[in-house]
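These are the residues of each chain, in order.
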Amino acid sequence: MCKPLYYRLLLTACLLLVLTGCESMRTVMTQHKVVMEVESDIAETPGSYFWQPTSSAWPFDYPGYQDMYINMWVGIYLRGLDFNIVSTDAENVVFRWDEARLGVTAKKLQSITVYHLSVDRQRSVNSDIPVQPVPTMLQASSGRVSVSLDYSPFFDSPYVFGTKRVEQGQGFIDDGVGRSMVLELPIEYDGHRVIYRFTFTATDVQQWNSYH
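Residues numbered from 1 in each chain as written. Predicted model: local features only at pLDDT ≥ 70, side-chain atom pairs only at ≥ 80, totals over all residues. Heavy atoms only, no water.

With respect to the overall build of the chain
- Scanning the chain for helices and strands turns up one helix and 16 strands.
- When burial is assessed residue by residue, the chain has 41% of its 212 residues classed as buried.
- The long-range share in the chain, meaning contacts at least 24 apart out of those at least 6 apart in sequence, stands at 61%.
- Accessible area of the chain: about 11900 Å², with a carbon and sulfur share of 52%. (Helix = DSSP H or I, 4+ residues; strand = E, 2+ residues; numbered from the N terminus. Buried < 20%, exposed > 50% of the residue type's maximum accessible area, 1.4 Å probe, protein only. Contact = heavy atoms within 4.5 Å. Areas by Shrake-Rupley, 256 points an atom, 1.4 Å probe, with all protein chains shown as cover.)

The structure is reproduced here in structure tokens:
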């Protein structure tokens, strides 16, 4: 074999290895644009809504809500929810996941299945198998409560809004746009107990490649 041909074949093989390596590191990122509606058993004036800007890495802002007790925005991800309290007068805020219920409509709510719970990114429950939902408490005027759920009892897949992966996890064949889910969650503030009902509806979705 002549040297020029040998070097060309070697270069081609190296390029294939590089491309294969990059493809193996590729992750398909997905975010839904979500509209949130909130109801509660508070007799006073209803709350108001806002949009919380995300970082430049994410295409859609997060839905937010505030009333006389709470000011929060919610991140909705493929396997879980992040509740971010940005300000509250209460010293202790308790999310009663042990009493939470979820469903595709308010008339079809059932107990949730939890795989992970954390407060301010500090692990409180983390497992590959379902665990008993437990209350989580914020002991400050701001913080973050994250929960990872099993959505398969409510949709045809374990991902939010029933999104389904294609083979090898490269994106989704069913993006869930137009679907809704309802979360009923009691939240306690220094002795005040409010039952909230959050309705999340996917109105758009974007997917992009990440090689980090």
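Here the narrative resumes, following the displayed structure.
Here's the deal with the environment of Thr 113
- Within the secondary structure, Thr 113 sits in the loop between β8 (110-111) and β9 (114-119).
- Sequence-wise, Thr 113 and Asp 98 are 15 residues apart; in three dimensions their C-alpha atoms are separated by 9.9 Å.

Here's the deal with the pairing of β9
- Along β9, five of the six residues are buried, which leaves the element largely enclosed by surrounding structure.
- Across five bridges, the pairing between β9 and strand β12 (residues 143-149) is antiparallel. Across the sheet, His 116 pairs through a bridge with Ser 148, a residue of β12. (Pairing = 2+ DSSP bridges.)

Some words on the nonpolar core
- Counting 43 residues, the largest nonpolar core has Phe 95 and Trp 97 as the members making the most contacts within it.
- Counting residues per element, the ones that place at least two in this core are β1 (27-40), β4 (71-76), β5 (80-85), β6 (93-95), β9, β12, β15 (180-189) and β16 (192-210).
- Beyond its immediate sequence surroundings of up to four residues, Phe 95 is in contact with Met 72, Phe 83, Ile 85, Val 134, Pro 135, Thr 136, Leu 138, Val 145, Leu 185, Pro 186 and Ile 187. (Core = buried A, V, L, I, M, F, W, Y, C linked by side-chain atoms within 4.5 Å.)

Section: empty space enclosed by the protein
- Under the definition given, this model contains one cavity of 30 Å³ or more.
- A volume near 30 Å³ is recorded for the largest cavity.
- Taken together, Gln 31, His 32, Val 34, Asp 61, Tyr 62, Pro 63 and Ile 76 make up the lining of the largest cavity.
- Elements with a minimum of two residues in the lining of the largest cavity: β1 and β3 (62-66).
- In terms of residue count, the dominant contributor to the lining of the largest cavity is β1 (three residues).
- Per-class residue counts for the lining of the largest cavity are four nonpolar, two polar and one charged. (1 Å grid on protein atoms, 1.4 Å probe; cavity = no way out; pocket = protein on both sides within 12 Å on 5 of 7 lines; lining within 4 Å. Points joined across faces, edges and corners; volume = space filled by probe spheres on them. Nonpolar A, V, L, I, M, F, W, Y, C, P; charged D, E, K, R; others polar.)

Some points on the pattern of salt bridges
- Within the structure shown, the criterion is met by eight salt bridges.
- The residue Arg 96 makes a salt bridge to Glu 99 at a minimum N-O spacing of 3.4 Å.
- Residue classification places Glu 99 among the partly exposed residues on the basis of a relative accessible area of 33%. (Salt bridge = Lys/Arg side-chain N within 4 Å of Asp/Glu carboxyl O.)

Here we look at the pairing of β3
- Burial analysis of β3 places four of its five residues in the buried class, which makes it a mostly covered element.
- As paired strands, strand β2 (residues 48-52) and β3 are joined by five bridges and run antiparallel to one another. In the sheet register, Ser 48 faces β3, and the bridge partner there is Gln 66.
- Across three bridges, β3 lies against β4 in antiparallel orientation. When the bridges of β4 are listed, Tyr 65 appears paired with Met 72.
- If you look at the hairpin formed by β3 and β4, you'll find four residues sitting between the two strands.

Describing the confidence of the model for the chain
- The predicted model of the chain averages 79 in pLDDT, with 73% of residues at 70 or higher.
- Per-element confidence in the chain is highest for β3, whose mean pLDDT is 95, and lowest for helix α1 (residues 3-24), whose mean pLDDT is 47.
- pLDDT under 50 marks residues 9-23. Its contacts with residues more than four places away, or in other chains, come to three contacts. (pLDDT = per-residue confidence, 0-100.)

Focus: the packing of aromatic side chains
- Taken as a whole and assessed by the stated rule, the structure comprises 12 aromatic pairs.
- On the numbers, 5.5 Å between centres and 55° between planes, the contact of Tyr 49 with Tyr 65 is tilted. Of this pair, Tyr 49 sits in strand β2 while Tyr 65 is found in strand β3, placing the two residues 16 residues apart along the sequence.
- Residue classification places Tyr 49 among the partly exposed residues on the basis of a relative accessible area of 43%.
- Accessibility expressed as a relative area gives 4% for Tyr 65, which makes it buried.
- When the centroid spacing of 6.4 Å and the interplanar angle of 80° are considered together, the rings of Tyr 65 and Tyr 196 count as edge-to-face. (Phe/Tyr/Trp six-rings, centres within 6.5 Å; stacked < 30°, edge-to-face > 60°.)

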